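# Structure assessment
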Amino acid sequence: MSIITCKKQFLVTDEDFLELKKLGLPIEVFCPVLCKTVAFGFLENWDLNHARVSGNQFAREEVIFFG
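The following paragraphs examine the structure supplied in this document.

Calculation rules
- Residues numbered from 1 in each chain as written.
- Predicted model: local features only at pLDDT ≥ 70, side-chain atom pairs only at ≥ 80, totals over all residues.
- Heavy atoms only, no water.
- Salt bridge = Lys/Arg side-chain N within 4 Å of Asp/Glu carboxyl O.
- Helix = DSSP H or I, 4+ residues; strand = E, 2+ residues; numbered from the N terminus.
- Buried < 20%, exposed > 50% of the residue type's maximum accessible area, 1.4 Å probe, protein only.
- Patch = residues over 30% accessible without salt bridge, like charges linked within 9 Å, V, L, I, M, F, W, Y side chains within 5 Å.
- Areas by Shrake-Rupley, 256 points an atom, 1.4 Å probe, with all protein chains shown as cover.

Looking now at the pattern of salt bridges. Tallied over the full model, the rule gives two salt bridges. Linking Asp 14 and Arg 60 is a salt bridge whose minimum nitrogen-to-oxygen distance equals 2.8 Å. With Asp 14 in helix H1 (residues 14-23) and Arg 60 in the loop between strand S5 (56-59) and strand S6 (64-66), this pair connects stretches of sequence that are 46 residues apart.

Below, the structure written as C-alpha cells:
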C-alpha cells in the first residue's frame, strides 16, 4: 500500500502570488459560500483586492486561493 500526499498551501500575500506566477503553476480558487471550486487555472494578474484567474476576476477577501 502506498500513501500519496498532496501539499497545497493558501495563497495570501503578494509574495505567494509572485512565487506561483514565477513558477508557472496553476492555482485553485475555492468559494467557501458555495463550498466548491469556482476556477482552476493560471494566475493572470492581481492587485491588493482582486486576482484574475482563467479570465475571471475574484475578490481576494471572498474566495480562498490554493497553490
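The structure having been displayed, the exposition proceeds.
Turning our attention to the side chain of Glu 28. With respect to the secondary-structure elements, Glu 28 resides in strand S1 (residues 27-31). For Glu 28, a relative accessible area of 14% translates into the label buried.

Now for a nonpolar patch on the surface. There is a patch of nonpolar side chains on the surface, built from Val 33, Leu 34 and Val 38 and spanning about 280 Å² of accessible area. Mapped onto the elements of the fold, Val 38 is located in strand S2 (residues 36-41). Residue classification places Val 38 among the partly exposed residues on the basis of a relative accessible area of 31%.

The quantities given are spatial measurements derived from coordinates; they are silent on function.
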